[in-house]
Amino acid sequence: MKGVRTLRRLLAYLRPYRTRVILGYASMLVVTALNLVIPWVVRAVIDRGLVGDDRRFLLLAAGAVVAISLVRGLFAFVQIYLGQWLSFRAAYDLRNAFYQHVQALSFNFHDRAQTGDLMSRATSDVEQTQRFAGESLMELVNAIILMLGTIGVMVWADARLALITLLPFPFLIAVTLRFGRVIEPKFKRIQEQMGRLGTLMQESLTGIRVVKAFAREPYEIEKFERENQEFYRRRVNLVYTWSNNFPFLNFLVALSTTLVLWFGGLQAVAGAVTVGTLFAFVSYVLQMNEPVRRLGFLVNRVSEALASARRIFEILDTPSSIIERPDAIELKTVHGHVRFENVSFGYREGRAILKEVNFEALPNQMVALMGPTGTGKSTITALIPRFYDPDAGRVLVDGYDVRDVRLDSLRRHIGIVLQDNFLFSDTIAANIAYGRPNATMDEIVAAAKAAHADDFIVSFPDGYETQVGERGVTLSGGQKQRVAIARALLMDPGILILDDSTSSVDTETESLIQQALARLMRGRTTFVIAQRLLTLKNADLILVIDKGRIVERGTHEQLLAYGGLYKRVYDLQLRPQEEFAELREKQLEMGD
């Protein structure tokens, strides 16, 4: 039943193209009907034209065969063309639906999903369903109709001889159905292994610099070979199953041919049937050989397609944990008033990352989040654009619960620079304008200058049209971060989130960026995750996070006076930065 439901759901992708489906299957029926007519025409030629010595009939029959062949060729063309068209169109729609759904799924899904497996589902699995949805399905229906039609004509011509001839066919049907049940789970395991291979290759190629830096090429090759060997083993097991069944299917067809020749030959000698009828029976049995061969192959294809379709539908059936309400509010403007009310959150059930977090950030404030690694700083900023929903409590922007507003309108007013500064394989200008694709070149350059990225950009031969390469690999870490900051600034957001965004730039560059940000932060709320003193000293509010809770809050001077965790971190990590800055300032004065 599960296979039937999957098949019905897959075929629903053909529903928008009913006219082409009807025309394609009508052409298939015409071709099938003509295939059934030809042996009967030859029967008449033998009995009436040859045995009856009717030369005029021979001429007419020859013309009829030519006409039938021409008509059959025309309709066969329509059948093949529309079968292929429906295959590719169904795959096109299915691939679009898959990609759109993956784009709509929340961070929770992407935290767990493996990129290589998703790519395998979107390519290899869709390709398997593509082969079946149009052309192979039509071939399967054609094979079944041709078999039933052939049986019908044979029974009509001579019921007794037909029943003898068709004795092996119940076994043939039973073997074919059993073959389908056995082979489908094998295909699913093959596609799952293909997904693991894709994931392994994607990770290895993405991290090729790490692989080479640690001279781990032999380890990666061995790991890939192990998974590839498992894929080969599963494929060979499938071939073994196929090889065990396919010869038996051929044997059953050959047995039918033997029966018709033996019993039909005896009847022809006795004069019970004509020579033409015997020839027609032999033709029909041989004609059934092709659909039977195809039936085994097509059951194979059906099983392969259903296994792949299930993997695709697994993703399409995955609900997003972030659901926009039908009556969600559109945020026209954002002033930047952010409030957390008793917010608790965990990526996994029973493992809370944030615990009863309460704070308020006012417009035009710079809020710095600091604390040990893994205490929830990035998680707090991820809840503001609603990448995740809190398990308890509320996150409010300008007095609205973020769960009550439209996601696009919320995120349109939030500029984000993540720790992983991902750049697309495109020009620098296109990367900066990613959040505002309609931005003018002047606006792009202004954002780049504000992020102190313009100097290095114009030093490239192609300037802002420079291709940055996959994941921005042609740029340094600091350059990528400044492009990412420019991308966020171009959006002119009401809320700006900088997640450790100056971690890969030197102190001088950080100072320049901070000066630019100081001008651009007017009229917006800025959240900064940073461990550098310069950032923390300029903050209007510092939230010290420890074990998912806000343990201290205040300005730099207030927290130093308090003498808690912030003071201890300051003495261990931040005071040396301050002393170094003072020493450098004295050296510069002496140089003057």
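Structural data are supplied above this passage.
Residues numbered from 1 in each chain as written. Predicted model: local features only at pLDDT ≥ 70, side-chain atom pairs only at ≥ 80, totals over all residues. Heavy atoms only, no water.

Trainee: How should I be thinking about the overall build of the protein in this particular structure?
Mentor: Secondary structure assignment for the protein yields 20 helices and ten strands. In the protein, which comprises 592 residues, the proportion classed as buried is 48%. Expressed as a percentage of contacts within the protein between residues at least 6 apart in sequence, the contacts between residues at least 24 apart total 78%. Working note: accessible area of the protein is about 30500 Å², and carbon and sulfur atoms make up 58% of it. (Helix = DSSP H or I, 4+ residues; strand = E, 2+ residues; numbered from the N terminus. Buried < 20%, exposed > 50% of the residue type's maximum accessible area, 1.4 Å probe, protein only. Contact = heavy atoms within 4.5 Å. Areas by Shrake-Rupley, 256 points an atom, 1.4 Å probe, with all protein chains shown as cover.)

Trainee: I tried to follow the packing of helix α14 (residues 441-450) against helix α16 (residues 477-490) on my own but got confused; where do I start?
Mentor: Packed helix pairs are characterised by how far apart their axes lie and by the angle those axes make with each other. At a minimum axis separation of 8 Å, α14 and α16 run at an interaxial angle of 125 degrees. What the angle tells us is that α14 and α16 run oblique. You can see that α14 and α16 cross each other, and the crossing is right-handed. Residues Glu443, Ile444, Ala447, Ala448 and Ala450 of α14 form the contact with α16, whose own contacting residues are Ala486, Leu489 and Leu490. Residues of the contact of α14 with α16, tallied by class, amount to seven nonpolar, no polar and one charged. (Axes fitted to C-alpha atoms, helices over the stretch in contact; angles between N-to-C directions. Parallel < 35°, antiparallel > 145°, perpendicular 65-115°, else oblique. Left-handed = near helix turned anticlockwise from the far one by under 90°. Nonpolar A, V, L, I, M, F, W, Y, C, P; charged D, E, K, R; others polar.)

Trainee: Would you mind going over the pairing of strand β9 (residues 541-546) with me for this structure?
Mentor: In regular strands, side chains alternate between the two faces of the sheet. The element β9 is extensively covered by neighbouring structure, given that five of its six residues are classed as buried. In terms of strand pairing, strand β3 (residues 366-370) meets β9 through four bridges, oriented parallel. Looking across to β9, one finds that Ala368 is bridged to Ile542. Taken together, β9 and the strand that follows it, strand β10 (residues 549-554), pair antiparallel across an intervening segment of two residues, in which Lys547 is found at a positive phi of about 55 degrees. (Pairing = 2+ DSSP bridges.)

Trainee: What's the story with the sheet that holds strand β6 (residues 414-417) in this structure? I'm lost.
Mentor: In sheet architecture, strand pairing relies on hydrogen bonds along the backbone and comes in two forms, parallel and antiparallel. On the basis of which strands lie adjacent, the open sheet formed by six strands has the order β6-β7-β8-β3-β9-β10 and mixed pairing. Of all the strands in the sheet, just β6 and β10 have a single pairing partner and so form its edges. Each strand axis lies, on average, 15 degrees off the axis of its neighbour in the sheet, ignoring direction. Contacts between α16 and the sheet are confined to β6 and β7 (495-499), with β6 contributing the most and set at about 175 degrees to the helix.

Trainee: Would you mind going over the pairing of β7 with me for this structure?
Mentor: Taken across its five residues, β7 has five buried, putting it largely inside the fold. By the alternation rule, side chains of β7 split into Ile495, Ile497 and Asp499 and Leu496 and Leu498, which are all buried. Of the pairings in the sheet, the one linking β6 to β7 comprises four bridges and is parallel in character. Along β7, the bridge assignment pairs Ile416 with Ile497. One ladder, built from five bridges, connects β7 with strand β8 (residues 525-529); its direction is parallel. Among the inter-strand pairings, Leu496 is bridged to a residue of β8, identified as Thr526.

Trainee: Honestly, the environment of Glu360 in this entry has me stumped. Any pointers?
Mentor: Here Glu360 shows up in strand β2 (residues 354-361). In sequence terms Glu360 and Phe340 are 20 residues apart; their C-alpha atoms lie 6.4 Å from each other. Contact partners of Glu360, with chain neighbours within four places excluded, come to His337, Val338, Arg339, Gln365 and Leu541. Polar side-chain contacts of Glu360 include one of 2.5 Å to the side chain of His337. (Polar contact = N/O pair within 3.5 Å; in protein donor to acceptor, adjacent residues only side chain to side chain.)

Trainee: Honestly, α16 in this entry has me stumped. Any pointers?
Mentor: An α-helical turn contains 3.6 residues, so a residue and the one three or four places further along point in the same direction. Counted at 1.5 Å a residue, the expected span for α16 with its 14 residues is 20 Å, and the 20 Å between its end C-alpha atoms agrees. By the criterion of burial, α16 is predominantly enclosed, with twelve of the 14 residues buried. Taken residue by residue, α16 has Gly478, Gln479, Gln481, Arg482, Val483, Ala484, Ile485, Ala486, Arg487, Ala488, Leu489 and Leu490 as its buried positions. (Expected span 1.5 Å × (residues − 1).)

Trainee: How do you make sense of the packing of aromatic side chains when you look at a structure like this?
Mentor: Two descriptors summarise a pair of aromatic rings, namely the distance from one centre to the other and the angle between the planes of the rings. Per the counting criterion, the structure on display carries nine aromatic pairs. Relative to Phe359, the ring of Phe340 lies with its centre 4.6 Å away and its plane at 20 degrees, an arrangement referred to as stacked. With Phe340 in strand β1 (residues 338-345) and Phe359 in strand β2, this residue pair connects regions lying 19 residues apart in the sequence. The pair formed by Phe340 and Phe359 is uniform in burial state, with each residue classed as buried. Relative to Phe527, the ring of Phe359 lies with its centre 6.2 Å away and its plane at 65 degrees, an arrangement referred to as edge-to-face. Of the two residues, Phe359 sits in strand β2 while Phe527 sits in strand β8, which places them 168 residues apart along the sequence. Each member of the pair, Phe359 as well as Phe527, is classed as buried. Directly above the aromatic system of Phe313 lies the positively charged group of Arg9, at a separation of 4.1 Å from the ring centroid. Geometry around Trp85 places Arg20 over its ring, the cationic atom sitting 4.1 Å from the centre. (Phe/Tyr/Trp six-rings, centres within 6.5 Å; stacked < 30°, edge-to-face > 60°. Lys NZ or Arg CZ within 6 Å of the ring centre and 35° of its normal.)

Trainee: Teacher, can you tell me more about the environment of Arg487 here?
Mentor: When you line up the elements, Arg487 lands in helix α16. Judged by relative accessible area, which is 15%, Arg487 ranks as buried. Residues Arg487 and Arg436, 51 residues apart in the sequence, show an inter-C-alpha distance of 8.5 Å. Residue contacts for Arg487: discarding those within four places in its chain leaves Phe422, Leu423, Phe424, Asn431, Ile432 and Tyr434.

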